[in-house]
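Remarks on the overall topology
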Amino acid sequence: MTAPLLSVKDLRIAFRQDGQVSEAVRGVSFDVARGETVALVGESGSGKSITALSTVDLLPDSAEVTGSVTYDGAEMIGADERELRRVRGNDVSFIFQEPMTSLNPLHTIEKQLAESLALHQGLRGAAARARILDLLDKVGIADAESRLAAYPHQLSGGQRQRVMIAMALANGPNLLIADEPTTALDVTIQAQILELLADLQKHEGMSMLFITHDLGIVRRFADRVCVMERGVIVETGHVAEIFDRPQHPYTQKLLAAEATGLPDPVADDAPEIAATEHLKVWFPIQKGLLKRTVGHVKAVNDATLSVRAGETVGVVGESGSGKTTLALAIMRLISSEGPITLEGRRIDGLKSKAMRPLRQAMQVVFQDPYGSLSPRMTVAEIVAEGLRLHDTGDDRPRREQVSDILTEVGIDPAAMDRYPHEFSGGQRQRIAIARAMILRPKLVVLDEPTSALDQTVQVQIVELLRDLQRRHGLAYLFISHDLKVVRALSHKVIVMKRGDVVEAGDAAQIFNAPRDAYTRALMAAAFDLKAGEAVAV
């Protein structure tokens, strides 16, 4: 047998802070053969990314690393900086989860790719430009020459990730380390990126270390799997072996972690909570010194929907399809045209002052529990903030109300004086839900509330949302690109594409017999369907 390209033996990583030592990786061992894809899977905090960064010594100075990491027979732990610089970017390249944080917002795409080529290969001028165009074409950037002068913010999420892949491939690496490269992408874009990576690996002959918490991706994409829990690899084996006969309870738990079941049926006499009719949100395109309107961006074009008490309407579509814009218009946070009703009352013509007392009935839970909670406020202050502005009719002390709602969403009230950074991602999302629920709303907009969470935590949040809806008769507008979660929560589904509603109807009909080609493409990407197959509902 040939020696592995990457070999990790008894890797241990600890971090020292304020005299305390916390061990993040404990005795990890695995190999990556030439041309092989190995997946490291596990929940957030299991040590996957730290393990990957250690392969070429990209950890902070506070890390204490022992064990052995060899690349092509050369030891990387304790290697001198010159050797590490030779390997990084040349032989081993990285693709990270969020390209907006990896790409320089002040430099064009061409400049960022050219910098890597000049540093590692000495290519400049026309030779570098030709190589950049070849790379962009290889990763599927249409009309690559017109994109050279673009900045990262001028590209879509999928295009940015393709640029990141081009940068990773620029110097012909032997090992590509992909750290959650598709988590932030829509299902169709995710499928395209995975297909691209598989195709590039086949043609370039690369090895790949693929880090993810999405086991559905692993099944389609990897050769072998290493399952990590709390810094330890608890199970390893070939993909078919792990998926068909998982041995460790943690692996079994990960494989079972999928939002399943259906929402409770809506009562026949359930009142309508919110509705729109032929809603439009058009943003003017203005040019010239006089700012003349020369056209419009049709963010939402002719959307009609209704949501009743105890009902969930799922809104799906790719990024930029108008999902969030539709929700913001319904909540009267942006201007729109067309009737909007809340509990039978027209609200589309109301001024800000008239809307203020109605906002208690409309609350929102955002995608990112890290960014939506103030780091300078305690949990008690965050959850009680709305009580200062709205009268819920509850005369009990605020801390008592906070205690009750935290208990209801599964957070220990004894922790209410702690700060957001002291909680896990799932706990932070529960706190965000508590902040919305304490005002006893009638309509809750859920804007990608599970996409930033591990699958096991997603299941818990779905169950919590179902339970709250059951007990309080809540109407949900559920925005997501995760169609498995949409299927588990929604009674009705609206499919949007570039501002248009291309299909709408009962969830069972949309999932079982989608009429529009775009909807069928979304289903195929989300559920790995072949032509003619239907989603089981």
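Sequence order sets the numbering: in each chain, residues are counted from 1 along the sequence as written. With pLDDT at 70 or above as the cut-off, local features in this predicted model cover only qualifying residues; side-chain atom pairs require 80 or more to be listed or tallied, and sums for whole chains, interfaces and linings still use all residues. The basis for every side-chain value is the complete set of non-hydrogen atoms in the structure, without hydrogens or water.

As named in an unreviewed UniProt entry, the chain is Glutathione import ATP-binding protein GsiA, taken from Jannaschia seosinensis. UniProt positions are given in the numbering used here, feature names are shortened, and annotations may be inferred rather than shown by experiment. Its UniProt record, at the heading Sequence similarities (unreviewed entry), says of the chain: "Belongs to the ABC transporter superfamily." Here the chain is described in UniProt, under the heading Subcellular location (unreviewed entry), as follows: "Cell inner membrane".

**Re the overall build of the chain**
Numbered from the N terminus, helices here are DSSP runs of H or I no shorter than four residues, and strands are runs of E no shorter than two. Each helix and strand in the chain was counted, giving 20 helices and 20 strands. Radius of gyration here uses only the C-alpha atoms, and the compact-globule reference equals 2.2 Å multiplied by the residue count raised to the power 0.38. Taking 537 residues into account, the globule formula puts the C-alpha radius of gyration at 24 Å, and the chain, at 25 Å, falls close to it. With respect to the principal axes defined by its C-alpha atoms, the chain has extents near 70 × 60 × 50 Å. When burial is assessed residue by residue, the chain has 50% of its 537 residues classed as buried. Burial here depends on accessible area, computed with a 1.4 Å probe over protein chains only, as a share of the maximum for the residue type. Under 20% is buried, over 50% is exposed, and the range in between is partly exposed.

**Considering empty space enclosed by the protein**
Cavity means a closed set of points on a 1 Å grid over the protein atoms alone, one where a 1.4 Å probe fits but cannot get out, pocket means an open set with protein on both sides within 12 Å along at least 5 of 7 lines, and lining means a residue has an atom within 4 Å of a point. Grid points are joined across faces, edges and corners, and a volume is the space filled by probe spheres set on the points. Tallied over the full model, the rule gives one cavity of 30 Å³ or more. Space inside the largest cavity adds up to approximately 50 Å³. Forming the walls of the largest cavity are Gly-42, Glu-43, His-213, Leu-215, Leu-254, Asp-454, Gln-455 and Thr-456. By the convention adopted, Pro, Cys, Tyr, Trp, Phe, Met, Ile, Leu, Val and Ala count as nonpolar, Lys, Arg, Asp and Glu as charged, and the other residues, Gly among them, as polar. Looking at the lining of the largest cavity, its residues break down into two nonpolar, four polar and two charged. The domain boundaries here were taken from an automatic or database domain assignment. Both of domain 1 (6–222) and domain 2 (272–527) provide at least three residues apiece to the lining of the largest cavity.

**As for the sheet that holds strand S3 (residues 37–41)**
Pairing between two strands requires that DSSP report at least two bridges joining them. Spatial ordering of the open sheet is given by S6-S7-S8-S3-S9-S10, a layout of six strands whose pairing is mixed. Both edges of this open sheet fall to strand S6 (92–95) and strand S10 (232–238), since each of them pairs with a single strand only. Adjacent strand axes in the sheet meet at a mean angle of 15 degrees when their direction is disregarded. The sheet contact formed by S3 and strand S8 (residues 207–212) spans five bridges and is parallel. Axes, fitted as lines to C-alpha atoms, cover a helix only where it is in contact. Angles between the N-to-C directions of the axes lie from 0 to 180 degrees.

**Focus on the UniProt feature "domain: ABC transporter" (unreviewed entry) in the chain**
Taken from the UniProt record, the annotation "domain: ABC transporter" (unreviewed entry) applies to residues 6–255 and 285–523. Here residues 285–523 runs as 33% helix and 24% strand, with 34 Å between its end C-alpha atoms.

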